[in-house]
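# Analysis of the macromolecular model
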Amino acid sequence: MIWKSKDLLSIEELSKNEIETILETAVSFKSVSERTVKKVPTLRGKTVVLFFQEPSTRTRTSFELASKRLSADNLTIQSSASSLTKGETLLDTMKTLESMKIDALVIRHSCSGIPHLLAQSMQASVINAGDGFHEHPTQALLDLLTVRENHPHLDQLTITFVGDILHSRVVRSNIYAFKKMGARIRVCGPPTLLPKDFEKWGVEVFYHLDAALQGTDVIYVLRLQLERQKKNLFPTLREYSQLYGITSDRLLKANSGAIVLHPGPMNRGIEISSGVADGSAARIDDQVSNGVAIRMAVLYLLLGENPERRTP
Ligand code: NCD
């Protein structure tokens, strides 16, 4: 298919066809990272700006590597070191970047909706690298790719998201993504960390982990996002870990051959034991490798030569 969108803002607004196009493009880019010379000239002359207002290791470095491997020029702006600290508005900062003729802005922001707002007023492509509690589209795409490598028929599998559903943009993007691909979706966590009426999302809600894991092919462990919790939502970390932590024993409750994903960063010993994180069921390293390929695919589809792409 011919890629038409200028931006990548959410999984919600992607069609199944668009998701498949990104996954196929990523598969074709995976080999670039295996070569001794890890570079292709595809985006030579393009400029990609990474603007991260929240901490990030995986997402930021993999976008940076992805754009470097495609030969684009890139620069990273940490909001704490920008003129935002002097009172400049985000829109003015972005206008400044536009005047320097950037081609893409990769943005992570603590406010939901900021990438959408910027995309409306910018000529440059805007890529959402995580906005508040809302979405983290490239994370869901790399997760789809990782799961598909193990289960080619996504419409035949059951995936269970475990833990801090309430604060997770990763789970929102993943629910849209796996639903579009036809998977059966479960969520499991303490009632205080599950949004109300979550059944309306077309997922099965569980409060007991053992019940949720029965019949599960993919266990997706979420980080306990303590930095986003304004009040105590569960008694103690110890109790949380006993009830919802994924350990080797717990893994046995799932289908045989079940795999385990985690978006990182992990709280070892809380939501996941080291035995599982470093064990044979974990696909966490594959998620990271696939992250580079997915971000190469997204940059390529959005910035590569294509006269049909929409402009604002
Ligand atoms: C996630 C995020 O920032 O939303 N991390 C990531 O991008 N790999 C998940 C998290 O922080 O728990």
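These figures come from a predicted structure and were not determined experimentally. (Residues numbered from 1 in each chain as written. Predicted model: local features only at pLDDT ≥ 70, side-chain atom pairs only at ≥ 80, totals over all residues. Heavy atoms only, no water.)

### A look at the site of the ligand
So the rule is basically this: Summary of the distance rule: residues count as near a molecule or strand when at least one heavy atom falls within 4 Å of that molecule or strand. Counting of polar contacts relies on pairs of N or O atoms within 3.5 Å, with two restrictions inside protein: one atom must be capable of donating a hydrogen and the other of accepting it, and residues adjacent in sequence are counted only when both atoms are side-chain atoms. Here the open area of atoms and residues is found with the Shrake-Rupley method and a 1.4 Å probe, where only the protein chains shown may cover a residue. Residues are called lining when one of their atoms sits within 4 Å of a cavity or pocket point, these points coming from a 1 Å grid over the protein atoms alone, where a cavity is a set in which a 1.4 Å probe fits but cannot get out and a pocket is an open set with protein on both sides within 12 Å along at least five of seven lines. Think of it this way: if more than half of a molecule's atoms are within 2 Å of a pocket's grid points, that molecule is in the pocket or cavity. Asp, Glu, Lys and Arg are counted as charged, while Ala, Val, Leu, Ile, Met, Phe, Trp, Tyr, Cys and Pro are counted as nonpolar; the rest, among them Gly, fall into the polar class. Domain start and stop positions are those given by an automatic or database domain assignment.
In the vicinity of the ligand, the residues found are Thr59, Arg108, His136, Gln139, Arg169, Val170, Arg223, Gln225, Pro263, Gly264 and Pro265. Measuring from an oxygen atom of the ligand, one finds a side-chain N or O atom of His136 at 2.8 Å. Within the backbone of Gly264, a nitrogen or oxygen atom sits 3.0 Å from a nitrogen atom of the ligand. Compared with its free state, where it exposes 320 Å², the ligand has 93% of that area covered by protein. Most atoms of the ligand, that is more than half of them, are within 2 Å of grid points of the largest pocket. Here the shell around the ligand is built from residues that sort into three nonpolar, five polar and three charged. Formed jointly, the shell around the ligand draws a minimum of three residues from each of two domains, domain 1 (16–136 + 291–303) and domain 2 (137–288).

### Things to note about empty space enclosed by the protein
Condition: Grid points are joined across faces, edges and corners, and a volume is the space filled by probe spheres set on the points. Helix and strand definitions here come from DSSP, where helices need a minimum of 4 consecutive H or I residues and strands a minimum of 2 consecutive E residues; each element is numbered from the N-terminal end.
Applying the stated criterion to the full structure yields one cavity of 30 Å³ or more. Estimated volume of the largest cavity: approximately 100 Å³. Forming the boundary of the largest cavity are 13 residues, of which Arg58, Gln139, Leu142, Pro263 and Val288 lie nearest the centre. Elements with a minimum of two residues in the lining of the largest cavity: helix H2 (58–69), helix H5 (137–150) and helix H11 (284–303). Across the lining of the largest cavity, the residue classes break down as four nonpolar, seven polar and two charged. When we break the lining of the largest cavity down by domain, the ones giving at least three residues each are domain 1 (16–136 + 291–303) and domain 2 (137–288).

### Digging into the domain arrangement of the chain
Spelled out, the test is: Whether two residues touch is decided by their heavy atoms; if any such pair falls within 4.5 Å, the residues are in contact. The quantity reported as buried area is the accessible area (1.4 Å probe) lost by two parts once they are put together, taken as the sum for both. Salt bridges, as used here, are contacts in which a Lys or Arg side-chain nitrogen is within 4 Å of a carboxyl oxygen on Asp or Glu.
On domain assignment, one finds that the chain holds domain 1 (16–136 + 291–303) and domain 2 (137–288). For domain 1 versus domain 2, the separation of C-alpha centres amounts to 26 Å. Contacts between the two partners involve 28 residues from domain 1 and, on the opposite side, 26 residues from domain 2. A buried area of about 2,300 Å², summed over both sides, lies between domain 1 and domain 2, and 61% of it is on carbon and sulfur atoms. With a closest N to O distance of 2.9 Å, Arg169 and Glu54 form a salt bridge. The interface formed by domain 1 and domain 2 includes twelve residue pairs in polar contact (both at pLDDT 80 or more). Examining the composition of the side of domain 1 that touches domain 2, we find that nine residues originate from one element, helix H1 (residues 16–30), more than from any other. When the residues that make up the side of domain 1 that touches domain 2 are grouped by side-chain class, the tally is eleven nonpolar, seven polar and ten charged.

### With respect to the sheet that holds strand E2 (residues 73–78)
Worth spelling out the cut-off: DSSP-based pairing: two strands are paired if at least 2 bridges between them are found. Helix axes are fitted only over the stretch in contact, all axes being lines through C-alpha atoms; the angle between N-to-C directions runs from 0 to 180 degrees.
Strand order across the open sheet formed by four strands is E2-E1-E3-E4, with parallel pairing between neighbours. One side of each edge strand has no neighbouring strand; the edge strands of this open sheet are E2 and strand E4 (125–131). In this sheet, neighbouring strand axes are inclined to one another by 15° on average, regardless of whether the strands run parallel or antiparallel. Strand direction decides the pairing type here: strand E1 (residues 47–52) and E2, joined by six bridges, are parallel. By the bridge assignment for E2, Val48 is matched with Asn74.

### So, the pattern of salt bridges
For side chains bearing opposite charge, pairing can occur when the charged atoms are close. Across all of its chains, the model carries eleven salt bridges by this definition. The salt bridge partner of Glu24 is Arg148, with a shortest N-O separation of 3.1 Å. In this pair, Glu24 sits in helix H1 while Arg148 sits in helix H5, placing the two residues 124 residues apart along the sequence. Within this structure, Arg60, Glu64 and Lys68 form a network of salt bridges that share partners.

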